[in-house]
Structures are given as C-alpha cells and as structure tokens.
Amino acid sequence: MSELSKTYTPAEVEERWYAQWIADGAFTADPSRVSATRPAYSIVIPPPNVTGILTLGHVLNNTIQDILARRARMLGKEVLWLPGTDHAGIATQNAVEKALRKEGAIKHRDDLGREKLVEKIWEWKDKYGGIILQQLKKLGASCDWSRTRFTMDPDYSRCVQRVFVDLYKKGLIYRGKRMVNWCPVALSAISDEEVIPKAQNSSMYYFKVQVIEEPDTWLTIGTTRPEVIPGDQAIAVNPKDPRYAHLIGKHVRRPLPVENQEKLLIIPDEHVDVTFGTGVLKVTPAHDKADLEILYRRLGTEWARTLDSFTLRDLQSMKPVDVMNPNGTMNELAGKDLVGLDRFAARKRAAELLAEIGSLVKEEPYQNNVGYSERADVPIESRLSEQWFLKYPSTQPSQDVVAKGDMRFFPERWSKVYDHWMGGLQDWCVSRQLWWGHRVPIWVKTIHCNEVANLGLPNEVATKLSVVANHATNDGGENELSVSLSTKEGCSTFFRLMMAVDANEGYPSNFHWEIYAATDSPEESAILEAAGFTQDPDVLDTWFSSWLWPFATMGWPEQTGDLKAFYPTTDLVTGPDIIFFWVARMIMAGYEYMGEMPFKNVYFTGIIRDKQGRKMSKSLGNSPDPLEIIAKYSADALRFGIMRSAPLGQDILFDEKNVELGRNFCTKLWNAARFRQMQSSTEQGAGGMEQEINPALLSSDDKWILLRLNNAITEVSTALDEYRFSDATQTLYRFFWTEYCDWYVEASKAVLQGTDDKRKANTLAVIDFVLGHTLRLFHPFLPFITEELWHGMGFNADMPENQGGKSIMFAPWPKPLDKDELAHFGILPEDEQAANDKYKTVELGRGLKSTFNISKKVRFVLKPASELPAHEIEVLRILLNAEPLDVDAAFTPKKGTPASLTPLGELFLPLDGIIDVDAERARVTKEIAKVEAELAKVKAKLADENFTSKVPQKVLDEHKQREADWSAQFEKLKVMLEALG
RNA sequence: GCAUGGAUAGCUCAGUGGUAGAGCGGCUCGUUUACACCGAGUUGGUCGGGGGUUCGAAUCCCUCUCCGUGCACCA
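All values reported here derive from a predicted model rather than from experimental measurement.

With respect to the overall build of chain A
No. 1: Of the regular secondary structure elements, chain A holds 31 helices and 31 strands.
No. 2: Radius of gyration (C-alpha) of chain A: 39 Å, far over the 30 Å computed for a compact globule of 981 residues.
No. 3: Every one of the 981 residues in chain A was classed for burial, and the buried ones make up 52%.
No. 4: For chain A, restricting intrachain contacts to residue pairs at least 6 apart in sequence, the fraction spanning at least 24 positions comes to 76%.
No. 5: Summing over all exposed atoms, chain A offers an accessible surface of approximately 44100 Å²; the carbon and sulfur share of this is 50%.
No. 6: Each charge sign in chain A was given a centre, from 116 positive and 137 negative side chains, and these centres are 3 Å apart.

A word on the packing of aromatic side chains
No. 1: Using the criterion set out here, one finds 48 aromatic pairs in the structure.
No. 2: Measuring from centroid to centroid gives 5.8 Å for F164 and W388, while their planes differ by 75 degrees, and the two rings are edge-to-face. Of the two residues, F164 sits in helix α6 (residues 154-169) while W388 sits in strand β14 (residues 381-390), which places them 224 residues apart along the sequence.
No. 3: The exposure class assigned to F164 is buried, which follows from its relative accessible area of 0%.

Notes on the protein's contact with RNA strand B
No. 1: Near RNA strand B lie 50 residues; those nearest to it are G222, R644, W737, S850 and K950.
No. 2: Counting only the atoms of RNA strand B that lie within 4 Å of the protein, the sugar and phosphate share comes to 56%.
No. 3: Within the contact set of RNA strand B, a sugar or linking oxygen lies 3.4 Å away from a side-chain nitrogen or oxygen of Y366.
No. 4: In this structure, W737 approaches RNA strand B through a side-chain N or O atom, which is 2.3 Å from a phosphate oxygen.
No. 5: Sorting the residues of the surface near RNA strand B by element identifies β8 (214-223), β13 (360-373), α21 (656-678), α23 (725-752), α27 (831-851), α30 (945-950) and α31 (953-979) as the ones contributing at least two each.
No. 6: Top element by residues in the surface near RNA strand B is α21. It accounts for ten residues.
No. 7: For the surface near RNA strand B, the class distribution of residues is 19 nonpolar, 13 polar and 18 charged.

What to know about the side chain of K445
No. 1: Within the secondary structure layout, K445 lies in strand β18 (residues 442-448).
No. 2: Although K445 lies buried, it forms no salt bridge, and the closest oppositely charged side chain, E451, sits 8.8 Å away as judged by the N-O distance.
No. 3: Engagement of the side chain of K445 in a polar contact is seen with the backbone oxygen of A531, the distance being 2.7 Å.
No. 4: In this structure, K445 is in contact with L455, W513, E514, I515, A531, G532 and F533, ignoring residues within four places of it in sequence.

Focus on the packing of helix α24 (residues 757-778) against helix α25 (residues 783-792)
No. 1: Packing of α24 against α25 leaves a shortest axis separation of 9 Å and a crossing angle of 155 degrees. Taken as axis vectors, α24 and α25 run roughly antiparallel relative to one another. The way α24 lies across α25 gives a crossing that is left-handed. Contacts from G772, L775, R776 and F778 of α24 reach α25 at T786, L789 and W790.

What to know about the state of the cysteines
A covalent bond between the sulfur atoms of two cysteines is what we call a disulfide.
No. 1: Using the criterion set out here, one finds zero disulfides in the structure.
No. 2: In this structure C159 is not part of a disulfide, and its nearest cysteine sulfur, from C491, lies 14 Å away.
No. 3: A relative accessible area of 3% places C159 in the buried class.

Comments concerning the confidence of the model for chain A
No. 1: Per-residue pLDDT for chain A averages 88, and the proportion of residues at 70 or more is 97%.
No. 2: By mean pLDDT, the top-scoring element of chain A is strand β2 (residues 78-82) (97), and the lowest-scoring one is helix α29 (residues 917-943) (77).
No. 3: Contacts from residues 682-686, a stretch scored under 50 in pLDDT, to residues over four places away or in other chains number eight contacts.
No. 4: The complex prediction reports pTM at 0.88, with the ipTM value standing at 0.93.

Considerations on helix α3 (residues 89-102)
No. 1: With 14 residues, α3 should cover 20 Å at 1.5 Å per step; its first-to-last C-alpha distance of 20 Å lies within 8% of that length.
No. 2: Taken residue by residue, α3 has G89, I90, A91, T92, Q93, V96, E97, A99 and L100 as its buried positions.
No. 3: Taken from the residues just after α3, G104 is the one with a positive phi, measuring 75 degrees.

Comments concerning the sheet that holds strand β20 (residues 493-500)
No. 1: The sheet built from five strands is open, its strands ordered β19-β20-β21-β18-β22 with antiparallel pairing. In the strand order of this sheet, the two ends are held by β19 (480-483) and β22 (534-535), each with one partner.
No. 2: Two strands pair when backbone bridges link them, and β20 and strand β21 (residues 512-518) are joined in this way by seven bridges, in the antiparallel orientation. Residue pairing across strands places L497 opposite I515, the latter belonging to β21.
No. 3: Together, β18, β19, β20 and β21 form the strand contacts of α6, whose direction differs from that of β20 by roughly 50 degrees.
No. 4: Of the strands in this sheet, β19, β20 and β21 touch helix α13 (residues 459-475), which is tilted by about 165 degrees from β19.

Describing the sheet that holds strand β28 (residues 858-864)
No. 1: An order of β29-β28-β31-β30 is seen for the four strands of this open sheet, with the pairing classed as mixed. Every other strand in the sheet has two partners, leaving β29 (882-887) and β30 (899-902) as the edge strands with one partner each. Averaged over all neighbouring strand pairs, the angle between strand axes comes to 20 degrees, with direction disregarded.
No. 2: In this sheet, β29 lies alongside β28 in parallel orientation, the contact comprising four bridges.

A few points about the nonpolar core
Generally speaking, nonpolar side chains in soluble globular proteins are found buried as a group.
No. 1: Counting residues in hydrophobic clusters, the biggest one holds 190 residues, and the most contacted among them are F164, F409, F544, I587, F736 and Y740.
No. 2: With 13 residues, α23 is the largest single contributor of residues to this core.
No. 3: The contact partners of F409, leaving out residues within four places of it in the chain, are V402, W414, S415, Y418, I579, V583, I587, V602 and F604.
No. 4: Counting residues in each nonpolar core, the second largest holds 43 residues, with I221, A234, I248 and V321 among its members.

A short note on the pairing of strand β7 (residues 195-211)
No. 1: Two strands pair when backbone bridges link them, and β7 and β13 are joined in this way by 13 bridges, in the antiparallel orientation. Bridge assignment links P197 to a residue of β13, and that residue is G371.
No. 2: With seven bridges joining them, β7 and β8 adopt antiparallel strand pairing. Bridging across to β8, Y205 finds its partner in T223.
No. 3: Linking β7 to β8, which pair antiparallel, is a turn of two residues.

Some remarks on a nonpolar patch on the surface
No. 1: Taken together, the side chains of M499, V501 and Y507 present a nonpolar region at the surface, about 280 Å² in accessible area.
No. 2: Mapped onto the elements of the fold, M499 is located in strand β20.
No. 3: Overall, the relative accessible area of 35% leaves M499 in the partly exposed class.

Some details on the packing of helix α2 (residues 56-74) against helix α20 (residues 635-644)
No. 1: Relative orientation of the contacting elements α2 and α20 amounts to 95 degrees, with a least axis distance of 10 Å. One element, α2, and the other, α20, form an angle in the roughly perpendicular class. On α20, the residues that touch L56, V59, L60, T63, I64, D66, I67 and R70 of α2 are L638, R639, I642 and M643.
No. 2: Of the residues belonging to the contact of α2 with α20, the class tally is eight nonpolar, one polar and three charged.

Regarding the pattern of salt bridges
For side chains bearing opposite charge, pairing can occur when the charged atoms are close.
No. 1: As enumerated under the stated definition, the model contains 53 salt bridges in all.
No. 2: Between E715 and R734 there is a salt bridge; the shortest N-O distance is 3.6 Å. Here the residue E715 occupies a position in helix α22 (residues 700-721), and R734 occupies one in helix α23, the gap between them amounting to 19 residues.

Regarding the pairing of strand β5 (residues 173-183)
No. 1: Counted residue by residue, β5 has eight buried out of eleven residues, so it is predominantly covered.
No. 2: The pairing of β5 with β14 spans ten bridges and is classified as antiparallel. Pairing of W182 across the sheet is with E381, part of β14.
No. 3: Strand direction decides the pairing type here: β5 and strand β6 (residues 188-190), joined by three bridges, are antiparallel. Along β6, the bridge assignment pairs N181 with I190.
No. 4: Two successive antiparallel strands, β5 and β6, enclose a turn made up of four residues, where L187 displays a positive phi of approximately 55 degrees.

Here's the deal with helix α11 (residues 395-403)
No. 1: Turning to α11, its buried residues are S398, Q399, V401 and V402. The buried residues of α11 occupy one face: seen down the axis, they fall within an arc of 160 degrees.
No. 2: The positive-phi residue at the C-terminal boundary of α11 is G405, with phi of around 85 degrees.

Observations concerning the side chain of S188
No. 1: Residue placement: S188 occurs in strand β6.
No. 2: On the accessibility criterion, S188 (0% relative accessible area) is buried.
No. 3: A polar contact of 3.0 Å, which involves the side chain of S188, links it to the backbone nitrogen of Q433.
No. 4: With residues near it in sequence (within four places) discarded, S188 still touches N181, W182, C183, R432, Q433 and L434.

Reading guide: rules and limits
Residues numbered from 1 in each chain as written. Chains lettered and ligands numbered in written order. Predicted model: local features only at pLDDT ≥ 70, side-chain atom pairs only at ≥ 80, totals over all residues. Heavy atoms only, no water. Helix = DSSP H or I, 4+ residues; strand = E, 2+ residues; numbered from the N terminus. Rg over C-alpha atoms; globule rule 2.2 N^0.38 Å. Buried < 20%, exposed > 50% of the residue type's maximum accessible area, 1.4 Å probe, protein only. Contact = heavy atoms within 4.5 Å. Areas by Shrake-Rupley, 256 points an atom, 1.4 Å probe, with all protein chains shown as cover. Lys, Arg positive; Asp, Glu negative; His and termini not counted. Charge placed at Lys NZ, Arg CZ, Asp CG, Glu CD. Phe/Tyr/Trp six-rings, centres within 6.5 Å; stacked < 30°, edge-to-face > 60°. Near = heavy atom within 4 Å. Polar contact = N/O pair within 3.5 Å; in protein donor to acceptor, adjacent residues only side chain to side chain. Nonpolar A, V, L, I, M, F, W, Y, C, P; charged D, E, K, R; others polar. Salt bridge = Lys/Arg side-chain N within 4 Å of Asp/Glu carboxyl O. Axes fitted to C-alpha atoms, helices over the stretch in contact; angles between N-to-C directions. Parallel < 35°, antiparallel > 145°, perpendicular 65-115°, else oblique. Left-handed = near helix turned anticlockwise from the far one by under 90°. Disulfide = S-S within 2.5 Å. pLDDT = per-residue confidence, 0-100. Expected span 1.5 Å × (residues − 1). Pairing = 2+ DSSP bridges. Core = buried A, V, L, I, M, F, W, Y, C linked by side-chain atoms within 4.5 Å. Patch = residues over 30% accessible without salt bridge, like charges linked within 9 Å, V, L, I, M, F, W, Y side chains within 5 Å. Arc of directions from axis to C-beta.

As structure tokens, this is what we get:
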C-alpha cells in the first residue's frame, strides 16, 4: 500500500487505468464462460454516425450503458457490450461532398462519379471513422472493442443483402411508383421521420376560372402553390355541396400555362372539405398526395358509372403531370413562362401571370405547415417516383410483445406510443437515391418475350426461365424462380419476371419481360452482370441496415456462439426520438430472422438541453464539447454530474455546475480515503486493511453507519434495477457525504484521537468495511477513481484475482447485511435512533452557538434526561466542539443562560456575563410561538369530533403523541422564558 | 383535432390521502492537522388558477391556463 498523493490527478489516473483494463482484456466477452451460475448480460450500442463526434447526448446514453454493464460484471455476469458505428448514408455523403466542395476538389458529385465519390467517402471514413469510438474510451466505456462492427463491413453488408433478397422473395418488398418525400437538395427520397413540419407565413392565392358550359359562372379556387397549376388535372367539389353539385361533369379552363390552357373536368369527391376555403379544390396529382388519391378514386364513384363516353374519356385520361425537375426547378410542362425557374421564383411568377390574365382575385397572408427536409433544411416536395417499398414483417408478435409486457419499456408510457405506431403501419420506402450505402441487390434486364432463352445465362437456367415465362403468360401461373447460377453451395438467385407492355407492341404475342434478379452472392451477381443485367442504382435507407444490428453484429446467419449466448440482448438504451426509426424496426427484424425479441428491456433517455431548456444545437452554440469538459473536470465527474441530473423519463437540463459537483465529490472521496490512510493502526492485516470487526466494541455510531450503509446498498440496488439512475446517485451522494463524512467520520474522531488502541483498531475496521463497500457501490458511476482507490488503499489485496484482486470491476456487488449478520454484530433497528438523538442534540447545540455568534471552543453543560456512557459524551463534545462539555444532572443555570431542549436532555450554553438576555428572550419567544402554533393545530384536530370519530386508530394515536410532545416542549420553554426574567 | 408528459423554495428535482423535503444557490460565521473542490449555521414555498370528494388533498376527481412531445390535418 503506497501513500495516496495529497491531490487527485484524474487525467493521469484515467489514462493509466483504461490502458490497463484493455491490456487485461477486461471488457472482452467470452460466450464459453456463460453458464447457469454465470448468466449472460448483453447490450448492443446504438451505433453512432461513423463520422460523428461525441456529444453530450452520447455521453448520457453511453454512461448509462456503462453503468449497466459494469454493475452486471459485479453481479457475476458474463458481459458483452458490443460497440460499432453506422454508415449514416445521407449525413456522411453530405459531409464528404461538402468537404470536397470546400477544398475546391469538386463542384458537384457528378464531377467525380459514383465510384470515385464512394472511394473518397471510404477514405474519409478510414481517416475520421474511429474518432467517436476513441472518444467513448475517454469516457470510460467498457465496450468489447474486439467486436467493433460497422454497418458496411463485408459480413454486415452481406446480411443486409440477404435480408433484402429474402423479403423480396417473400413478396414483402416491391417496386412502385409512389408519392414520396423528395428532398430537392439531396435529390433523394427521404422518410416521413426525416421531414420536419414547420409553420410558415405563406400566401393564399385566390384565382377564378370560368365554367365553359355556363359562361356566367365563375369558380374561385384557393391555393398556396400557384406554380403547379400547369399540373392540374381536374377540379374537385364535394357532391353534397349545393353550391357546386350541379357543375359536376362540366368543365373549366386551366389558366396556366397560358399557351396551353387545357379543359379540366369538374369531378365529385367526398373528401373535399366544404368549409375550407371556397370549397373548390384543384387536383394536382403529381404534386400532392391527397390529390393523387382523388385521382385513384375517380373511377370508382357512382357518378363515374353514369357518364357518357366523352366525359368518361376525360375522366380516364387524367394522369399525374409532374411539372418540376428533381432539383426543384420547373420543367417544360410548366410552360414557357415558368420553365427553368426555381420553384419559389416560379410561385411569384405564376401569381403575376394570373394577375396579368385577370384571373387572380386576391392574395392573402396565410399560415400553414410545410414539411422541411431535416438534413438540407429546405421544403420537401411530394414527388412521384419509382421506389422500393417494404411491407413490414412479423408485425403481430412485435406489437404483442410490448403490449403484453414481455418486453418492457422504461418509462412505461413509451409503450403506448409504440403500440399506436404499430397499429397504423405504412409501407416503408427503403430506397434512397444516394451513392453511399448498401446498393439494392437487384439486377434487371429487359428482354423481348421471344428472347428469354437467349438471356446470356447458363443454358439450364435460361431454359428454366423460359418455362416459367411460358407458364406465366399462358395460364397466369407463377412468374418466379429460385435457381443457382454459380452452382456454388449456398448461392442462389431469385428471378421475378414482370410483363412490360408498350403501346406499340402487339400484346399478347409481342411484349417485353422485365427480369428482376435478386441475389446476395458476389459470384452470382458477377454472372448476371456478364449477362447484361444492370444493378438497381439506388441504395438502401440506413435504417434498413441498422434494424438488423442486434444479430447481424453477432455473426448471423451462422448460429455463432455469440448469438447463442448473448441473443436476445438484455437492455437497449436509446433516445425516444428513434423509437420508430430504429427500436420498432429492430423488434420486427428480430422476430422475422431470429424468431425472438432482440432485447428484453428498453430504456429511453431524456433529451439533453441547456440549462435554459433549449435543445442543444450547433447554431445556438450551446453544445459543449464533452472532451473539453473531461479535460477540465475528469470523466468520472462528467459521468456523475450528468447522471445526477437525469431523472427517468425527463429531459436533462445540462449545467456545468453539476459536473463541478461531480468533481467535488471525487475530491471528497479521495480525501476521505486519505483520512483513513493517515490513521495509524496497531493490528494491520494484508495490504494495511483492518480485518475483523469485534461486535463487542461497536459504538452507537458504528452501528448507525452500518445501518445507513445497509440502507444505501438497498436503495442503490433497487434504483438501478428500476433504471432510476439519478435516484441512485442522489443516494450515493447523501450517504457518503452527509452520513459517512459529516457524521460518522467526525464522530469516530472521538475514538481515533483517543488512547484506546483496541477501540481504535475496531473503528478502523468499520471504516474499512464501509469504504470497501462504498467504492464498489460507486464503481459503475465512477470507474476510474474507485479503481485507483481500490488498489491505492489495498482493498484488492485479500480478494481472489478474478473477484476484485485484479480490478474492482469484478469485485462482488455489495449486499446488505442480512438478519444473521446483523445479529452477529449485535445491531438492532433501534440503534439508529440512539445515534440520531445524539446528532439532533449536536445540531441544537451548534444552533445555540450560532445564535450567539460564537465560533470558538466553548463550554456546554448537558442536564441529561438519562445517564450517558462516557464515550457518548466524548462524541458529543467533539461534534459540538465543546471545551469542556460538563454533564450535570443537578445543574442550575444562571438567569439568562441560553438553553435548548434536546432528545438527550437540556443543553446549556453558559456565557457568564456576556449574554444578551434580550436576545435570548426573543429567541425563546419565537420558539414558543412556533410550538404554540403546532400545538394549537393538533389540539384543534383532536377537539373535532368529526375527526376523532372517523380517523383510523393509528392516525389518532399519532396525533395524541404529537400533542403530548408539543405540550411538553411548550411547558419547558415557558420555564426557560421565566428563568430569563 | 387526438394522444401523452409536465407546472412544488431563486434553480434542478423528490414527495400517490395524515406535521411540505433534498441538493445547488443566497446570506452569516469559520485556516479545529482528510478535504476552502471544505466545515457550521441560516434564509427560501397560500405545492400553476378555480371547483369538488374527504375528518383531512401537493397527492383522488372535474375544469381552466401555460410549457413540452408525438400523431393526424394543413387546397
């Protein structure tokens, strides 16, 4: 045991211990060690963006995971905390493109081309991709780095492709032209979750159109987007609207483009809101989801069945007309006045055009919500495009498992949110028009129906495909085939034949096949490409890879030892903002591919905000760099500070003060350990620790601190079991600082500064017992300083190597003393009261001193209520800082002596000659007023028969006791007042 | 609009029917040999408003206001 330095140097200590843990392989999980007596505990990290840097959100999230993992190790479990990173498609590609543009290497990604850009991104990833994981190490994260995964690792990519192919085969993935959220900057589809609605100050433009068949009738239409008028295909009114019902089937002339003012049919649609605007709706199916649905519905109405052939043709010929380019500029279909203009410029121009032709009625300010692309921060477009969609698999068990409580969410209320979302699932658009990510593993070739046998594929395959094709054409049979191209074991390609009929072709004898081939095998895809198949250019949504995270990281589809031992994982710790993005989808993938839930408990953290409650953001500059905080205060301090302020289910207001408090706490811990070390001892055991506690020598303070320790162990353990991390830290703080340092250590000085060596040794044994338990209780929260002290004080010396001898990480989690042990030490529950009475007396005595502004040592006299052992008097003397403390049952104070009623008797502060009788009288009078008020309150209650007759006996007794106590105090105070004259 | 969380001391929060609490901050005092990143004392609240149930409400019920979040709608 070396002497602890006077000050704690966290930077050096943290670096040293982390390196030691790594060298010892302390974080490495071994599935072969899992057994009935050594259960598995596992967490997969929510993979941060590979090019990201550590934020306080990560600190919060990963500190929680580390606490869970470290505690599980101490509970004797085999722990796997699996780390890794996510390729984060759109974010990473954006970041790299931006950097390349900044350094002038490119103006646009097309300057490089797909292959070169992807190469650049890989270079970027290799350079910066490890940063965030390195930063996690500074925090003390006990991840098994030997298992670090990346969503674009070859094995992982293969899993993604395999799952895509499987779902395609099952018919759950399909290609379709659908309305998607289109980001005109990223030039890609984005998910609903990446669209942020924002309130806008827009304009509502009202324009009028003439009914062709009734030249005297004009309809006024309101729109916020006049620039898409050239894409209008119809005018819709509610058939029940008496204002317009008679106009259904008639026509108006579309005002724009001015050179192509088409006739538009007025059609009925039940969904038109008669109370909104003018009740007349223009239908622009290529630019609005609701309008597209009107288009789909138009032929199914009763009205459609009554139509003459001319009108019916008008109705049938309606089609989505996209008047915009993918980048948000207007195309030729928008007309000569708008073509080439950006959509916002086009909006202004369109309004001007309407005014010029006398159609514009008015323009009013209008507040509406517009969807913004989260990434590019521009309004998104609803756009029709060819995309890949997924019908979610395994939805039923996924919804049930949470509803039935087999998988638990903390806080519980998120399970309702989850259930609601699961109840209204929409197909998932999984394709993205990006270059960085997993490319859709589908190869396509279009071929004339007579040429299927000449596909360029091996004869045997071509023949089989011909048979399928014939079958499909002749009797509408299956159009699918699964076959191996490479004859390599385990490799196969799935073909689906889709008819593509062109207007010019003479179907049924003359048409084309679109042949879709899905495979996850590099060999087979090479054969397909050689045969002239081309791979779909899209990549998959990043979440389509991360939803496989809990098992794809453990070697799936092989039944690996890791999967057997560690799946399902135990806990997932993540933010509620990705409950749909990630959590729900992982549950479905877990059931679909592992047949089992992926995790048993999900803990949702709060969102980190600044101390004014604002979200952390780059633009506000209110997001501190965690590494700077660590450098300033230490990782332990940051961990403790952030956990102390993170109540379950609430947002966290981050205040550096909390970290400061964490640092102060570490310092306190350090100094308390030094204090122990500075006490000499007569009978030292191994490593300088005291060995046995002698029950016969235990003081009331010893018993008290052992009971408080028991309480702290129980409270911290249950708080952690229930994921109440801030409650656990509050308990630790209170126990160690207030109970141990402020009361117990101070009281123990009565022995330690005395001359009884036996008692001294026994007190040190109690201190060692408490400190040893405390360090272990703290370890999950403060891994570094506890390890340093564990060794520095020699607690490791008498522990088995794998149970604390080498590292506190594997020391057993503290258990409270059980009944037998308490009996062995002779500790009774009421022992707590004896010490409490003493401390209460001390507080009252200190209060007296403070009232009279005395800071020096001073004489106290206690007139005891019952006899007190000498040791107790000595403790009182030290805690009161009294010199001397006289105990005198017959003490008669001089008139005007300040006194206080304590649980141990009357305590006097004789201040011969220097007391201010008036001040003391005022003090006692004030006290009397307080007691009188309390007494009156309780007396009133007891006098009320309404109360006494209805209240339970227990409450009645309590009130009676209270009355007696207050009365006694009142009487004594009155005597004291009289004594003052 | 629907759902959901919240409002308690200057700040951050505990407290689910029985005497309103903690930490931080503020103020006063203090170099007593672990610690000034400390110690002692002390000051802070008609528990968001209103109504109801009850002997008794921060706590249960109704209602309103404000703040947050999710979903839907948004011509």
